[in-house]
Amino acid sequence: FSSFSSVLLSDDSDEQLRYVSMVDEIVKACTEMSSTYTGALILLERNTKLGELLKQENVVRLDSSVTNSMLQSIFYKGSPMHDGGLLIRDGRIIAARCHVPLSETFHVIERYGTRHRAAVGASEIGDTVAIVVSEERGTTSIAVEGVLYEMKSAKELRENLFYLLGITTLSSKSMRMKKHAK
C-alpha cells in the first residue's frame, strides 16, 4: 500500500469524525460477528462508484447510518439480507444483498469460499475496499486492489481502515497487512 494515496476525505474535522465513528461501528460489528462465526461482506466505496450493483433485481436499497446493530441485523444468519454484500457510500449504508462478481484471479487462495472471492472481486473494481468476515474461520480480512489481507486484531482492522479511507486522526499511517499467500 505504500504507493496508494487516499483522496476520499477532506481535512474537514466534522467529516473526519463522522468517518471515525463509521469505522468504529464497522470494527465493533466485525469483531462481534467474527466471534460468533457470522459471515459478512462490507463494501466501502471510495472514488469508484458501484452503481451497477444497485441495478440488480434482488438488491435491497437502504439509506441508513452505519451502526454495529444495523450491520449485525443485516448479516444475522436468519436475515433474508445476509447473503451478498452490503454497500456503503459516503458513510451511509445504501444497499444490501448486492451480488458481487467473483474474482477470477483468486486461485492463489483456493481454501477460501465465495464470500472471500467476492471481496477480492469487489476490490478489483476501481478502488473499493471490501471487508469480509469468515463464517467458517471467524477471521476478518480486508481486500484491496485485488489482494486479501487477514487482520490479526480489531486494532489492526481499525488502523488499516483509517489509512485506506484517509482518516488523519491516527498518528501512524503505516500498513501492517500481510498477504494470505504470495
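Refer to the structure presented above.
The following paragraphs examine the structure supplied in this document.

Calculation notes
- Residues numbered from 1 in each chain as written.
- Predicted model: local features only at pLDDT ≥ 70, side-chain atom pairs only at ≥ 80, totals over all residues.
- Heavy atoms only, no water.
- Buried < 20%, exposed > 50% of the residue type's maximum accessible area, 1.4 Å probe, protein only.
- Helix = DSSP H or I, 4+ residues; strand = E, 2+ residues; numbered from the N terminus.
- Arc of directions from axis to C-beta.
- Pairing = 2+ DSSP bridges.
- Axes fitted to C-alpha atoms, helices over the stretch in contact; angles between N-to-C directions.
- Contact = heavy atoms within 4.5 Å.
- Phe/Tyr/Trp six-rings, centres within 6.5 Å; stacked < 30°, edge-to-face > 60°.
- Lys NZ or Arg CZ within 6 Å of the ring centre and 35° of its normal.
- Left-handed = near helix turned anticlockwise from the far one by under 90°.
- Nonpolar A, V, L, I, M, F, W, Y, C, P; charged D, E, K, R; others polar.
- Polar contact = N/O pair within 3.5 Å; in protein donor to acceptor, adjacent residues only side chain to side chain.
- Parallel < 35°, antiparallel > 145°, perpendicular 65-115°, else oblique.

### Some thoughts on helix 3 (residues 68-75)
- Three or more residues of helix 3 are buried, namely Asn68, Leu71, Ile74 and Phe75. End-on, the buried residues of helix 3 take up no more than an arc of 135 degrees, which puts them together on one face.

### Digging into the sheet that holds strand 4 (residues 92-98)
- Spatially, 2-4-3-1-5-6-7 is the arrangement adopted by the 7 strands of the open sheet, whose pairing is mixed. At either end of the open sheet lies a strand with only one pairing partner, and these are strand 2 (60-65) and strand 7 (147-151). Adjacent strand axes in the sheet meet at a mean angle of 25 degrees when their direction is disregarded.
- Where strand 6 (residues 140-144) lies against strand 7, 5 bridges are found, and the strand directions are antiparallel. Note on strand 7: the bridge partner recorded for Val144 is Val147.
- Taken strand by strand, helix 4 (residues 114-123) contacts strand 1 (40-44), strand 5 (129-133), strand 6 and strand 7, and its axis lies near 170 degrees from that of strand 5.
- Sheet contacts for helix 5 (residues 154-165): strand 1, strand 5, strand 6 and strand 7; angle to strand 6, the most-contacted strand, approximately 20 degrees.

### Some thoughts on the pairing of strand 7
- Across the 5 residues that make up strand 7, a large majority, 4, are buried.
- Connecting strand 6 to the next strand, strand 7, in antiparallel fashion are 2 residues, including Glu145 with a positive phi near 50 degrees.

### Examining the packing of aromatic side chains
- The tally for this structure, following the rule as stated, stands at 0 aromatic pairs.
- Taking the ring centre of Tyr112 as reference, the NZ or CZ of Arg137 above it sits at 4.5 Å.

### With respect to the packing of helix 1 (residues 13-35) against helix 5
- It is at 10 Å that the axes of helix 1 and helix 5 come closest, and there the two elements cross at 145 degrees. For helix 1 against helix 5, the interelement crossing comes out right-handed. Residue-level inspection shows Tyr19, Val20, Met22, Val23, Asp24, Ile26, Val27, Cys30 and Thr31 of helix 1 in contact with helix 5, the latter providing Ala154, Leu157, Arg158, Leu161, Phe162 and Leu165.
- When grouped by side-chain class, the residues that make up the contact of helix 1 with helix 5 number 12 nonpolar, 1 polar and 2 charged.

### Here's the deal with the environment of Asp83
- Tracing the sequence through the fold places Asp83 in the loop between helix 3 and strand 3 (85-89).
- Residue classification places Asp83 among the partly exposed positions, given a relative accessible area of 42%.
- C-alpha of Asp83 to C-alpha of Arg97: the two residues are 14 residues apart in sequence and 5.7 Å apart in space.
- Side-chain polar atoms of Asp83 contact the side chain of His82, separated by 3.3 Å.

### Observations regarding the packing of helix 1 against helix 3
- One way to put it is that helix 1 packs onto helix 3 with a least axis distance of 8 Å and a crossing angle of 40 degrees. As summarised for this structure, helix 1 and helix 3 are arranged oblique, according to the angle between their axes. Remark: the crossing between helix 1 and helix 3 carries right-handed chirality. On the side of helix 1, the interface is formed by Glu25, Ile26, Lys28, Ala29, Glu32 and Met33, while helix 3 contributes Asn68, Leu71, Gln72 and Phe75.

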